[in-house]
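Chain and residue survey
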Number of protein chains: 2
Amino acid sequence: MKAKWYETSGDYGDIVISTRIRLARNLAEYPFPERMSASQRRECENKIKETVLNNGAGISKRFKYLELGLLPQAQVVSLVERHLISPEFAKDNDAKLLLLDDESVSVMINEEDHIRLQVMRSGLDPDGAFELADKLDTLLDEQLHFAFDDNLGYLTACPTNLGTGMRASVMLHLPALQENGSIAQLSSTISKLGLAIRGIYGEGSRPLGAIYQISNQVTLGISEKAAIANLRGIAVQLIAQEKSLREKMVLDERTVDSIWRSYGILTNARMISSDEFMQLISNVRLGVSAGLIDSVSMDTINRLTVNAQAGMISMHEGRDMTAAERDKARAEMIRTALAS
Amino acid sequence: MKAKWYETSGDYGDIVISTRIRLARNLAEYPFPERMSASQRRECENKIKETVLNNGAGISKRFKYLELGLLPQAQVVSLVERHLISPEFAKDNDAKLLLLDDESVSVMINEEDHIRLQVMRSGLDPDGAFELADKLDTLLDEQLHFAFDDNLGYLTACPTNLGTGMRASVMLHLPALQENGSIAQLSSTISKLGLAIRGIYGEGSRPLGAIYQISNQVTLGISEKAAIANLRGIAVQLIAQEKSLREKMVLDERTVDSIWRSYGILTNARMISSDEFMQLISNVRLGVSAGLIDSVSMDTINRLTVNAQAGMISMHEGRDMTAAERDKARAEMIRTALAS
């Protein structure tokens with residue numbers, strides 16, 4: 001089996017979990033998905049499918065075509081957990097998806113737009129992710145006629161995507177900035193620069209696992225390259241701030257104690273909920289990044305962060321499971337992963 | 001250094017931590033300690049000291065004579081923690097103690113009575129403990145003239161000790177009975193049989209670490225042997241009940257989870273308070289007794305339970321320590337002990 005993109009960590013892997021580029025595209029000859037007839041939908045689907053699978057480029061052979069309605073529920077949930085599809089898309093029983101073998105590229109067909117092309121990279125790599133997205137976009141553009149306006153750029157179902165149709169985002173682990181209470185102020189600064197920061201898991205001001213996403217909010221009047229450079233610049237600044245705070249934080253014996261306790265619980269517990277796991281792995285991630293824990297690699301943590309989610313566990317076991325069953329299977333998976 | 005009595009576990013070591021026999025004796029020619037003059041006190045002290053250290057029996061060479069006022073505070077605290085002296089005795093700057101090399105026998109001089117002779121044994125061993133106490137009592141009686149009344153028996157400062165002057169007690173780990181909520185009812189049954197049960201550490205109905213002590217309350221109109229047989233009988237019943245409940249309890253996956261979490265925290269934390277330690281080691285003790293954890297011996301747990309107390313840690317480090325310093329030293333001691 002091809003290794004998945006999230007199984008190794010990338011640049012700034014101690015802080016940056018992943019980078020994602022998403023392009024929204026529409027075929028000029030069809031109405032937006034919401035206004036399509038059933039036959040138009042089918043036609044459009046087939047065109048996109050054929051173009052991706054048979055465009056002559058080497059990469060096309062690495063895509064598989066998935067009909068969500070035919071997949072087990074656990075697998076659909078796991079696609080959402082891995083951010084390969086949106087939660088809305090998962091609810092559409094008729095939805096079709098194209099997925100690259102290493103899961104680093106997905107194409108949602110007829111979600112809000114005809115095409116939602118996504119490229120994922122581990123670590124901080126908006127340039128690399130955009131390069132591939134752009135290459136795929138060009139391949140598709142050669143055979144499909146994208147709705148494009150010389151003044152506005154790419155036309156999209158929702159005006160917030162008009163222009164580049166691009167959303168670039170970076171997922172960061174920011175326990176020190178969170179602990180420090182700086183996120184709210186950073187959020188206001190970042191929004192003035194046309195970006196947004198938000199917690200990924202859990203509600204409120206202290207998201208689970210201290211995992212945040214920053215993404216560009218502006219798609220009009222700015223080139224893709226400029227938006228990416230902007231995002232990268234902010235990310236690098238956040239990383240520097242997080243790093244410098246971490247150095248102080250890790251000198252704090254309470255933090256060291258809590259890192260080791262988290263490690264002790266993860267390597268010994270027999271039942272762990274998803275929420276608790278996110279909190280504990282956040283501490284362990286910090287401990288690994290600070291060099292306190294050297295028996296665990298960042299790759300293991302990244303893989304575990306994906307694999308320990310509810311849908312992934314059910315999929316791994318090949319059946320629907322109760323929450324209690326998942327908590328046990330999760331604890332076992334964690335023990336195995338951290339022992340190796 | 002001679003191994004201490006608490007470094008190995010004895011009969012029913014998975015449930016019974018220790019057995020203690022205490023004899024109260026007074027010299028007929030002196031008033032009770034509370035009413036003694038300073039010179040009488042000195043005279044009495046010397047008589048007892050000489051008798052214990054020079055009675056011709058082999059064991060007498062193994063005693064050392066300690067003046068509490070000359071000991072570091074941490075060492076005095078640790079004597080209380082090991083139940084070798086009473087908290088009241090520890091406050092008396094002029095107090096003198098005779099202590100056997102393996103710390104299994106202590107003689108408090110001029111506490112409430114002239115002589116408080118104590119014998120400690122690991123596990124359930126009231127007969128063995130009494131045998132030694134009785135032997136020492138006979139040795140002393142040959143040279144000292146004990147206050148004794150043919151009708152009442154040994155005369156003591158407090159009438160609750162009149163008669164045998166003996167208090168026999170057994171310290172038990174009863175997490176299953178505690179969890180089950182049975183202790184209150186057992187307490188009422190036990191008191192009807194002339195015994196008492198009480199938690200050793202912490203206040204309230206759920207003492208820290210689920211450690212309880214049962215002891216005889218009646219010293220008048222009952223022989224030492226009968227009192228000990230009574231205590232042993234009740235202890236064996238409690239052990240049987242605890243064992244049978246544990247079998248059910250350990251099947252419960254929440255208990256198994258909490259045992260392993262406790263083990264994970266103890267083997268990884270960098271700061272542990274005495275109270276938290278007592279709770280966690282109680283769970284680990286249960287796990288070892290149930291065969292879940294096989295990397296830790298009951299001996300290690302018993303030794304740790306004594307050594308992780310505040311005074312023992314300060315004494316081990318050879319200096320007064322703040323609570324935070326002790327919490328760190330304790331965590332390190334626990335990690336070392338459980339790793340070996």
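Quick notes on the rules
Residues numbered from 1 in each chain as written. Chains lettered and ligands numbered in written order. Predicted model: local features only at pLDDT ≥ 70, side-chain atom pairs only at ≥ 80, totals over all residues. Heavy atoms only, no water. Helix = DSSP H or I, 4+ residues; strand = E, 2+ residues; numbered from the N terminus. Rg over C-alpha atoms; globule rule 2.2 N^0.38 Å. Buried < 20%, exposed > 50% of the residue type's maximum accessible area, 1.4 Å probe, protein only. Contact = heavy atoms within 4.5 Å. Lys, Arg positive; Asp, Glu negative; His and termini not counted. Charge placed at Lys NZ, Arg CZ, Asp CG, Glu CD. Expected span 1.5 Å × (residues − 1). Least-squares fit on C-alpha atoms with pLDDT ≥ 70 in both. Disulfide = S-S within 2.5 Å. Domains from an automatic or database assignment. Buried area = accessible area lost by both parts, 1.4 Å probe. Salt bridge = Lys/Arg side-chain N within 4 Å of Asp/Glu carboxyl O. Polar contact = N/O pair within 3.5 Å; in protein donor to acceptor, adjacent residues only side chain to side chain. Axes fitted to C-alpha atoms, helices over the stretch in contact; angles between N-to-C directions. Parallel < 35°, antiparallel > 145°, perpendicular 65-115°, else oblique. Left-handed = near helix turned anticlockwise from the far one by under 90°. Phe/Tyr/Trp six-rings, centres within 6.5 Å; stacked < 30°, edge-to-face > 60°. Lys NZ or Arg CZ within 6 Å of the ring centre and 35° of its normal. Nonpolar A, V, L, I, M, F, W, Y, C, P; charged D, E, K, R; others polar. pLDDT = per-residue confidence, 0-100. Pairing = 2+ DSSP bridges. Core = buried A, V, L, I, M, F, W, Y, C linked by side-chain atoms within 4.5 Å.

**As for the overall build of chain A**
For chain A, the count of helices and strands is 12 helices and 10 strands. Computed over its C-alpha atoms, the radius of gyration of chain A comes to 21 Å, within 12% of the 20 Å expected for a compact globule of 340 residues. Its C-alpha atoms give chain A principal-axis dimensions of about 65 × 45 × 35 Å. Residue burial in chain A is summarised as follows: out of 340 residues, 55% are buried. Intrachain contacts of chain A at a sequence separation of at least 6 include 69% that bridge at least 24 residues. Averaging the locations of the 38 positively and 45 negatively charged side chains of chain A gives two centres separated by 2 Å.

**Considering helix α7 (residues 224-251) of chain A**
Given a rise of 1.5 Å per residue, 28 residues ought to cover 40 Å, and the 41 Å separating the end C-alpha atoms of α7(A) matches this to within 8%. Every buried residue of α7(A) is accounted for by Ala227(A), Ile228(A), Leu231(A), Ile234(A), Ala235(A), Leu238(A), Ile239(A), Glu242(A), Leu245(A), Arg246(A), Met249(A) and Val250(A).

**Notes on the relation of the copies chain A and chain B**
Its rotation angle being 180 degrees, the transformation that places chain A on chain B also includes 0.0 Å of axial translation and leaves an RMSD of 0.1 Å. What we have between these two chains is a two-fold relation. The rotation axis passes nearest to the C-alpha of Gly264(A) in chain A, at a distance of 2.0 Å. Interface overlap between copies: 100% of the residues of chain A at the interface are likewise at the interface in chain B, consistent with a symmetric, same-surface contact.

**Digging into the state of the cysteines**
Here a disulfide denotes a covalent bond joining the sulfur atom of one cysteine to the sulfur atom of another. Considering all chains together, one arrives at zero disulfides over all chains under this definition. Not engaged in a disulfide, the cysteine Cys44(A) finds its nearest cysteine sulfur in Cys158(A); these two sulfurs lie 18 Å apart.

**Some thoughts on the domain arrangement of chain A**
All names here are of chain A. Once the domains are mapped, chain A shows domain 1 (5-245) and domain 2 (253-339). Each partner contributes to the interface: domain 1 provides 20 residues, whereas domain 2 provides 20 residues. Taken over both partners, the interface formed by domain 1 and domain 2 buries close to 1,900 Å², and the fraction arising from carbon and sulfur atoms is 62%. If you sort the residues of domain 1 by the area they bury against domain 2, Tyr6, Glu81 and Leu208 come out on top, with a joint share of 27%. Applying the counting rule to domain 1 against domain 2 returns zero salt bridges. Run the count over domain 1 and domain 2 and you get four residue pairs in polar contact (both at pLDDT 80 or more). Per-element accounting of the side of domain 1 that touches domain 2 gives the leading share, five residues, to helix α2 (residues 73-81).

**Here's the deal with the packing of helix α9 (residues 274-289) of chain A against helix α10 (residues 298-307) of chain A**
Residue and element names in this part refer to chain A. Relative orientation of the contacting elements α9 and α10 amounts to 165 degrees, with a least axis distance of 10 Å. Considering the angle they form, α9 stands roughly antiparallel to α10. Considering the relative orientation of α9 and α10, their crossing is left-handed. The residues of α10 that touch α9, namely those facing Phe277, Met278, Ile281, Val284, Arg285, Val288 and Ser289, are Met298, Ile301, Asn302, Leu304 and Thr305.

**Observations concerning the packing of aromatic side chains**
Residue and element names in this part refer to chain A. According to the stated counting rule, one finds six aromatic pairs over all chains in the structure shown. With a centroid separation of 5.7 Å and an interplanar angle of 90 degrees, the aromatic rings of Trp260 and Tyr263 are classed as edge-to-face. Taken together, the residues span about one helical turn, with Trp260 and Tyr263 both in helix α8 (residues 253-266) at a distance of three residues. Among the residues examined, Trp260 registers a relative accessible area of 13% and is labelled buried. Relative accessible area serves as the criterion here: at 13%, Tyr263 is assigned to the buried category. Aromatic rings pair up to connect Phe146, Phe148 and Tyr154 into one cluster. Its guanidinium or amino end placed over the ring of Tyr154, Arg25 lies 3.5 Å from that ring's centre, counting from NZ or CZ. Across from the ring centre of Tyr65, 4.3 Å away, lies the NZ or CZ of Lys49, which sits over that ring.

**Here's the deal with the interface of chain A and chain B**
Note: interface size is frequently given as the accessible area lost on complex formation between the parts. Contacts between the two partners involve 16 residues from chain A, matched on the other side by 16 residues from chain B. Between chain A and chain B, roughly 1,600 Å² of surface is buried when both sides are summed, and carbon and sulfur atoms account for 55% of that area. Linking chain A to chain B there are four salt bridges. Here Lys328(B) ties to Glu253(A) by a salt bridge, and the two come within 2.8 Å at their closest N and O atoms. The biggest single contributor to the side of chain A that touches chain B is α8(A), with nine residues. Split by residue class, the side of chain A that touches chain B holds seven nonpolar, two polar and seven charged.

**Digging into the pattern of salt bridges**
If you walk through the whole model with that rule in mind, you get 44 salt bridges over all chains. The structure contains a network of salt bridges with shared partners spanning Arg41(A), Arg42(A), Glu45(A), Asp92(A), Asp94(A) and Lys96(A).

**Quick notes on unusual backbone geometry**
The phi dihedral of Ala210(A) is positive, around 55 degrees, even though this residue is not glycine. Structurally, Ala210(A) can be placed in the loop between β9 (195-199) and β10 (211-216). Taking the relative accessible area as the measure of exposure, Ala210(A) reaches 3% and is therefore buried. A positive phi is found at Glu103(B), a non-glycine position, where the angle reads about 65 degrees.

**Focus on the confidence of the model for chain A**
Residues and elements named next belong to chain A. Averaged over all residues, the pLDDT of chain A is 91; the fraction at 70 or higher stands at 98%. When mean pLDDT is taken per element in chain A, strand β4 (residues 105-109) scores highest with 97 and helix α11 (residues 310-317) scores lowest with 81. Reported for the predicted complex are a pTM of 0.82 and an ipTM of 0.79.

**Remarks on the sheet that holds strand β10 (residues 211-216) of chain B**
The pairing of strands in a sheet comes from backbone hydrogen bonds and takes either a parallel or an antiparallel form. Residue and element names in this part refer to chain B. On the basis of which strands lie adjacent, the open sheet formed by eight strands has the order β2-β3-β4-β5-β1-β8-β10-β9 and antiparallel pairing. The two strands at the open ends of the sheet, each matched to only one other strand, are β2 (63-67) and β9 (195-199). The sheet shows a mean angle of 20 degrees between the axes of neighbouring strands, direction not considered. Taken together, the five bridges between strand β4 (residues 105-109) and strand β5 (residues 115-122) define a ladder with antiparallel strand orientation.

**Notes on the nonpolar core**
In terms of nonpolar packing, the biggest core is built from 180 residues, with Ile48(A), Ile214(A), Ile48(B) and Ile214(B) touching the most fellow members. Not counting residues up to four positions away in its chain, the partners in contact with Ile214(A) are Ala168(A), Ser169(A), Val170(A), Leu172(A), Ile190(A), Ala196(A), Ile197(A), Leu231(A), Ile234(A), Ala235(A) and Leu238(A).

**With respect to the sheet that holds strand β5 (residues 115-122) of chain A**
All names here are of chain A. Ordered in space as β2-β3-β4-β5-β1-β8-β10-β9, the eight strands form an open sheet in which the pairing is antiparallel. Because the sheet does not close on itself, it has two edges, and the strands there are β2 (63-67) and β9. Each adjacent strand pair in this sheet contributes to an overall mean axis angle of 20 degrees, direction not counted. The sheet contact formed by strand β1 (residues 16-25) and β5 spans eight bridges and is antiparallel. By the bridge assignment, Ala24 is partnered in β5 with Arg116. Packing against the sheet, helix α6 (residues 183-192) makes contact with β9 and β10, and its axis sits at approximately 155 degrees to β9.

**Things to note about the side chain of Glu111(B)**
Residues and elements named next belong to chain B. Along the chain, Glu111 falls in the loop between β4 and β5. Within the structure, the side chain of Glu111 is placed 2.5 Å from the side chain of Ser86, a separation counted as a polar contact. If we ignore the near neighbours within four places in the chain, the residues touching Glu111 are Pro33, Ser86, Glu88, Phe89 and Arg116.

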